[in-house]
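# Architecture and fold: a report
Here is how the chains run, residue by residue.
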Amino acid sequence: MDFTPPTAEQVFALSVSAGIGELAAHPRFAAAGPDIVAAVVQGIGDFAQGVWAPLNRIGDTEGARLEQGAVRHPAGYAEAYHGFVAAGWGAVSAPGEFGGQGLPFSLACCVLETLGAANLAFSLLPMLTLGAIEALAHHGSPAQQALYLPRLISGEWSGTMNLTEPQAGSDVGALRTTATPITSGAHAGKYRIRGTKIFITWGEHELADNIVHLVLARLPGAPVGSRGISLFIVPKYPVNPDGTPAPRNDLAAVGLEHKLGIHASPTCVMSYGDNDACIGELVGAENAGLRAMFTMMNSARINVGSQGVQVAEAAWQRAAAYARERVQSPRAGAPGKAPVAIVEHPDVRRMLLRMRALTEGARALLYYTAGQVDRGTLGQAGAQARADLLVPLIKAWGTDTGCEVASLGVQVHGGMGFIEETGAAQHYRDIRIAPIYEGTNGIQAADLVTRKLGLDDGGVLAALMADIARDAGAAGADGAALAGLARDCADIGAWMLRQASLDDRLAGSVPFLTMCAVAVAGWQLLRQAQAAGTDGTPPAIARSKPVVARYFLGHVVPEAAGLRAAATAGAALLYELDAEGLCR
């Protein structure tokens, strides 16, 4: 099956849910006019379809491999990455003063969505680089920005983030990597880095000329826990004062993880300072590394949520193509006995429509979130706080959606879906990591109920749900269930903030997050369905969007409303069995 970029859907979502036309009215984003938006979306679609998508299968079957400390990729990957760099696809939203195009973050999200739908494992390379750009643009010194940002933005160099360690897992405060100040010699003012990091995505490869590792480490005498963590730039090849590359730094990939999916993305065990000669430089203030890293992580969490959309789109396309081609059994109740394509059977129709509704709902949530990020950049009142609230929703529900849609894609194929050659299983294997990395979805839910719920003393969530309830209520019967869900979310949020214990909030956090995410996605699909009736909407969208939205509002929204009991049940039942009784 050939991948077809969903160009018209993306432009429509950018227009309605991101509001990119409104963004272009601001001088900062004036270049993002309709012609540029259309050119970017079409251009990345052509590139992804023609260059990256053909490598997806070979990347899965051959994967990345570690040979004498170097990571090798299948034939074609180097040329495809060089094409990405030459076309400037990594520079879309990067700062103009360092070689970027300065376009909205929403448009950069579209670029990554298309690349990831074509080849998820490959898209992780530019995704991590974008996060490194974000971190250094906000927290790097002028000298660091001048040295690193132009090369990262161009794609000449790539970036990583190094948080996790074998003993720490998600508990970043338990890391043991050390940074010792250098007080004399050629590297005076820098630091010797020593430690081991695991799960480092694209931590070693030879597609870019250099790799800029952003490494969390602890200075001597630093406070315990997360308050004592600092952030360091640790390049694979340090740079001499004249700009030439110095000999390789004392760092190495000492292993590649053997993973369920994303086989072409090298997930590395990185060792720093085995010879006590790994040199790094501090980013920002001492012991403020977690704040700097969270800048990178927030960008990454939105883009990981996008991965749910990416795989959902690819899985839906594959399932829809198979359902049109596979002829099996007559349709129940038909006068004739001739077998028909399985797309004519009601249950297959149900699965395909659900796949499509979930995919388009997650895309709507993605671009609404990205649009709020852009409005926060412009300083619009309340936009940054709303974006902060939305980040855990798109990361968690977006990736859960990707898993469900990929699983449905296997089901549509029937037994053939369980056979690797059809490609349906790869989507399921690839996306299963997304609810885990960049903070598990349980951590996202905990973030929602412990940090984001309290923004403006609960006012940020309340205002969002009030907006949804207002618009849904104005839509009459079509919006009734959505209005009720929004009111439920507001009520549960108030209960969690004012009355529930911490344990009770955490016990109900995952169903509550799902409720909130579905409410926002349903709202945006409702808005899209209303906009689909206006002049200029592509005929295919004008015909399908109202149907897709009605399915989401009539099936997915009531399912989410049914989670109220789980969101408010409290934690007591979870602890009625002790650990031994629970896990016997």
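Just above, that's the structure.
Residues numbered from 1 in each chain as written. Predicted model: local features only at pLDDT ≥ 70, side-chain atom pairs only at ≥ 80, totals over all residues. Heavy atoms only, no water.

Another aspect to go through is the overall build of the protein. Check the secondary structure of the protein and you find 20 helices and 10 strands. What you see for the protein is a C-alpha radius of gyration of 24 Å, in line with the 25 Å of a compact globule of 584 residues. With respect to the three principal axes, the spread of C-alpha positions in the protein is 85 × 60 × 55 Å. Look at the contacts in the protein between residues 6 or more apart in sequence, and 73% of them connect residues 24 or more apart. Total accessible area on the protein is roughly 23,100 Å²; 55% of this is exposed by carbon and sulfur atoms. (Helix = DSSP H or I, 4+ residues; strand = E, 2+ residues; numbered from the N terminus. Rg over C-alpha atoms; globule rule 2.2 N^0.38 Å. Contact = heavy atoms within 4.5 Å. Areas by Shrake-Rupley, 256 points an atom, 1.4 Å probe, with all protein chains shown as cover.)

All told, the structure shown has 26 salt bridges when counted by the stated rule. A salt bridge links Glu 165 to Lys 197; its shortest N-O distance comes to 2.9 Å. Of this pair, Glu 165 sits in the loop between strand E3 (157–162) and strand E4 (178–181) while Lys 197 sits in strand E5 (residues 191–201), placing them 32 residues apart in sequence. Owing to a relative accessible area of 2%, Glu 165 belongs among the buried residues under this scheme. Across the salt bridge formed by Asp 471 and Arg 470, the nearest N and O atoms sit 3.0 Å from each other. (Salt bridge = Lys/Arg side-chain N within 4 Å of Asp/Glu carboxyl O. Buried < 20%, exposed > 50% of the residue type's maximum accessible area, 1.4 Å probe, protein only.)

Turning to the layout of surface pockets, a few remarks are in order. In this approach, a probe sized like a water molecule rolls over the atoms, and the result shows the empty space that is left. Estimates place the volume of the second largest pocket at around 890 Å³. Residue contributions to the lining of the second largest pocket peak at 7 residues, all from helix H9 (residues 289–325). Considering only residue class, the lining of the second largest pocket consists of 16 nonpolar, 13 polar and 6 charged. (1 Å grid on protein atoms, 1.4 Å probe; cavity = no way out; pocket = protein on both sides within 12 Å on 5 of 7 lines; lining within 4 Å. Points joined across faces, edges and corners; volume = space filled by probe spheres on them. Nonpolar A, V, L, I, M, F, W, Y, C, P; charged D, E, K, R; others polar.)

It is worth spelling out the nonpolar core at this point. Generally speaking, a soluble globular protein has its nonpolar side chains buried in company with each other. Membership of the largest hydrophobic core comes to 160 residues, with the highest contact counts inside it found for Phe 122, Trp 397, Phe 512 and Phe 552. Ranked by residue count, the leading element in this core is H9, at 16 residues. Setting aside anything within four residues of it in sequence, one finds Phe 552 in contact with Ala 357, Leu 358, Gly 361, Trp 397, Val 518, Ala 521, Gly 522, Leu 525 and Val 557. (Core = buried A, V, L, I, M, F, W, Y, C linked by side-chain atoms within 4.5 Å.)

Okay, the state of the cysteines next. Scanning the entire structure with this criterion turns up 0 disulfides. Looking at the unpaired Cys 403, the closest cysteine sulfur is the one in Cys 109, lying at 20 Å. (Disulfide = S-S within 2.5 Å.)

Relative to each other, helix H14 (residues 459–474) and helix H15 (residues 480–498) sit at 165°, their axes nearing to 8 Å. With respect to H15, the element H14 is oriented roughly antiparallel. The handedness of the crossing between H14 and H15 is left-handed. The residues of H15 that touch H14, namely those facing Leu 461, Met 465, Ile 468, Ala 469, Ala 472 and Gly 473, are Ala 480, Leu 482, Ala 483, Ala 486, Arg 487, Cys 489, Ala 490 and Gly 493. In the contact of H14 with H15, the residues fall into 11 nonpolar, 2 polar and 1 charged. (Axes fitted to C-alpha atoms, helices over the stretch in contact; angles between N-to-C directions. Parallel < 35°, antiparallel > 145°, perpendicular 65-115°, else oblique. Left-handed = near helix turned anticlockwise from the far one by under 90°.)

Another aspect to go through is helix H18 (residues 539–561). Taking 1.5 Å of rise per residue, 23 residues should cover 33 Å, and H18 covers 33 Å from first to last C-alpha, within 8% of that figure. Maximal helix bending in H18 amounts to about 30°, located at Lys 545; proline Pro 546 follows within four positions. Where H18 is concerned, the buried positions are Ile 541, Ser 544, Lys 545, Val 548, Ala 549, Tyr 551, Phe 552, Leu 553, Val 556, Val 557 and Ala 560. On its buried face, H18 is in contact with helix H1 (7–16), helix H10 (346–377), helix H11 (383–413), H15, helix H17 (509–531) and helix H19 (564–567). (Expected span 1.5 Å × (residues − 1). Bend = angle between axes of the 7 residues up to and from the residue.)

Let us look at helix H5 (residues 77–87). For an α-helix, 3.6 residues make a turn, and residues three or four places apart therefore share a direction. Listing the buried residues of H5 in full gives Tyr 77, Ala 80, Tyr 81 and Phe 84. Within H5, the buried residues cover an arc of 100° as seen down the axis, which keeps them to one side. Summarising the geometry of H5, the exposed residues directed more than 90 degrees from the buried face are Glu 79 and Ala 86. Just past H5, the residue Gly 88 takes up positive phi, approximately 75°. (Arc of directions from axis to C-beta.)

The next thing to look at is the pairing of strand E9 (residues 267–272). The two faces of the sheet receive side chains in turn, since in a regular strand these alternate between them. Most of E9 is tucked away, with 6 of its 6 residues classed as buried. The side-chain alternation of E9 yields two buried faces, one formed by Thr 267, Val 269 and Ser 271 and the other by Cys 268, Met 270 and Tyr 272. Examined bridge by bridge, E5 and E9 share 5 bridges and lie antiparallel to one another. Paired with Thr 201 across the strands is Thr 267, a residue of E9. Summarising the sheet, strand E8 (residues 251–256) and E9 pair through 5 bridges and their orientation is antiparallel. Paired with Ala 252 across the bridge in E9 is Ser 271. (Pairing = 2+ DSSP bridges.)

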